[in-house]
Amino acid sequence: MRAKATLNREYTISTVDKRVYGSFLEHMGRAVYTGIYEPGHEKADADGFRSDVLEMVRDLDMPIVRYPGGNFVSAYRWEDGIGPREERPVRLDLAWRTRETNQVGVNEFADWAKRAGTEMMLAMNLGSRGLDDARNFLEYCNHPGGTYWSDLRAKHGYKDPHNVRIWCLGNEMDGPWQVGHKSAAEYGHLANEVSKAFKYFDKTLETVVCGSSNDKMKTYPEWEATVLDASYDSVDYISLHKYFGNEEQDTLNYYAKAIDLDRYIVTIGGVIDYIKAKKRSKRDVKICFDEWNVWYHDRKQDGERIASWDWPEAPPLLEELYNLEDAIFVGSLLNVFIRRSDRVKIACMAQLVNVIAPILTKAGGPAWRQSIYYPLQYASKYGRGTALNVVASSPTYDCEVAQDVPYLDLSAVLQEDGKSLAIFAINRSIDEPLDLTIDLQGFKRAKVVQHQMLEGEDLKARNSVDDQSRIVPKAGKALAVDDAGTLVGTLPPRSYHFVLLS
Ligand code: AHR
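Okay, so let's go over this structure. (Residues numbered from 1 in each chain as written. Predicted model: local features only at pLDDT ≥ 70, side-chain atom pairs only at ≥ 80, totals over all residues. Heavy atoms only, no water.)

### Here's the deal with the packing of helix α6 (residues 222-231) against helix α7 (residues 251-278)
One can describe the packing of α6 onto α7 by two numbers: an axis separation of 10 Å at closest approach and a directional angle of 35°. Crossing of α6 over α7 shows right-handed handedness. Packed against α6, whose contacting residues are E224, A225, L228 and D229, the element α7 presents I268, V271, I272, I275 and K278 at the interface. Here the contact of α6 with α7 is composed, by residue class, of six nonpolar, no polar and three charged. (Axes fitted to C-alpha atoms, helices over the stretch in contact; angles between N-to-C directions. Helix = DSSP H or I, 4+ residues; strand = E, 2+ residues; numbered from the N terminus. Left-handed = near helix turned anticlockwise from the far one by under 90°. Contact = heavy atoms within 4.5 Å. Nonpolar A, V, L, I, M, F, W, Y, C, P; charged D, E, K, R; others polar.)

Written as structure tokens, this is what we have:
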């Protein structure tokens, strides 16, 4: 098979906001306890944070992490997680039917985020709680001092405010499963009032209103229209969520689901534009895709376990084991975020550690990287700059979820130095190599300085605690720039590529 593409350094889509390579950490399963925090572990630092996990997070150059939920946040009392640890209450978490010890709360998360070199994005509870608790939380986190909540923070050992810039107005409020679920009209009104109050406190804060939990919800996309109608003038982002899977065990169909993600973003972009026009507004609300990932391997079994267990503390939960097939697909989803960087300004892979995560740990044992870690890492490190409009022509296939799906999936980012070009390429074919030429207009003297790929015979191969390097990037050699300034080479079947030109 043959495919060709053209890009030009002047034909740009948008600046890629580095926060599209963000992640998410929820108080559920072993994400926090025995994930990022395990006092007594041989790699734990003085505050109980696992330094092996921190190192892996730092290696992702993680720009932002959403916390503390997720469904968890909709019945969470943030005050339970502050002050002396021995006085913190143990509570029932209604979302996952577990026990929450509150040994980690917002102050510890702030410490962890500093060590991880990442920004905090905090979610407030608009399920079981409301405006007053949210504004107290904000005052506790961000006010310098001299008030009840800010002085309490100082008393707890945190004199300097955390200065959190971005706040999520609840979580998945369209979902009937959510504690305190609301209709779009009820939620839109509440979210608008809370967002306004936050901006009375500090007009430079940014807020994220909840959009749909996925594009199969009965209320989609009317939910977005109603919620934005009520809140357009006061919010900055609308959040979207979507999880993917290869339930049918049909790789090509699975890979085509990246097109569903694209349609979802385009549709909500249209809803935003409609409300903007209706309100004669000059503001642009952007998309914050703050939960996305592959989640299907053990989803059903996990649901059954949750329904029958007796409120355990930090049990293994949603510990999906990702394979090569998933890593290639995750590369494709990241390509969508790059190509839609004009709309999507924040995106969070859900989640970060142990729970549907690129990093796994063993309690009392090692931490290791799953296959999906690598496409996220390359995108995060090298996908910062300006997204270029790549025009490609590739052989296609038809499948259940879409017609004319190109075998070649490409995105390109002109890096912040204005010289280097990062290309992310996927050959979706499971059995045929793809001969590729890319006309690099404006990069005539560029050379390939790095080429890493994920590929292999067995799409189901994955890393494990005993074999942590089954799926790791290997150096590619089959791509080079010829004298005419064309990138030429062959992408093996079932492969993901990161290519850096300079
Ligand atoms: O990430 C796991 C869960 O998925 C989150 O708690 C929820 O927001 C979503 O349904």
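### Side note on the sheet that holds strand β1 (residues 2-8)
Taken together, the five strands give an open sheet; going across it, the order is β16-β1-β21-β25-β24, and neighbouring strands pair in mixed fashion. The open sheet has two edge strands, β16 (391-393) and β24 (479-481), and neither has a second partner. Adjacent strand axes in the sheet meet at a mean angle of 15°, parallel and antiparallel pairs treated alike. With three bridges connecting them, β24 and strand β25 (residues 486-491) associate as antiparallel partners. Bridging from a neighbouring strand, A480 pairs with V488 of β25. (Pairing = 2+ DSSP bridges.)

### Notes on the site of the ligand
Around the ligand, the neighbouring residues are F24, E26, G70, N71, W96, N171, E172, Y243, E291, W295, Q351 and I356. Within the contact set of the ligand, an oxygen atom lies 3.0 Å away from a side-chain nitrogen or oxygen of N171. In this structure, Y243 approaches the ligand through a side-chain N or O atom, which is 2.8 Å from an oxygen atom. The protein chains hide 95% of the 280 Å² of surface that the ligand would expose on its own. Class assignment for the residues of the shell around the ligand results in five nonpolar, four polar and three charged. (Near = heavy atom within 4 Å. Polar contact = N/O pair within 3.5 Å; in protein donor to acceptor, adjacent residues only side chain to side chain. Areas by Shrake-Rupley, 256 points an atom, 1.4 Å probe, with all protein chains shown as cover.)

### Structural notes on the nonpolar core
If you look at the biggest cluster of nonpolar residues, it comprises 146 residues, and the most contacted ones within it are W112, L122, W167, Y187 and F289. Sorting elements by how many residues they give to this core places α7 first, with 12 residues. Both domain 1 (2-9 + 388-501) and domain 2 (17-383) contribute no fewer than three residues apiece to this core. Among all residues touching W112, those that are not within four sequence positions of it are L25, I36, F49, L54, V57, V65, T118 and L352. By size, the runner-up hydrophobic cluster in this structure holds 24 residues, among which are A3, I423, A425 and V481. (Core = buried A, V, L, I, M, F, W, Y, C linked by side-chain atoms within 4.5 Å. Buried < 20%, exposed > 50% of the residue type's maximum accessible area, 1.4 Å probe, protein only. Domains from an automatic or database assignment.)

### Focus on helix α2 (residues 106-116)
Judged by how many residues are buried, α2 sits mostly within the fold: nine of 11 residues are covered. Those residues of α2 that sit buried are V106, N107, E108, F109, A110, D111, W112, A113 and A116. Against α1 (51-59), β4 (64-67), β7 (119-123), α3 (131-142) and α4 (148-155) lie the buried residues of α2. After α2 finishes, the residue G117 shows a positive phi value of roughly 70°.

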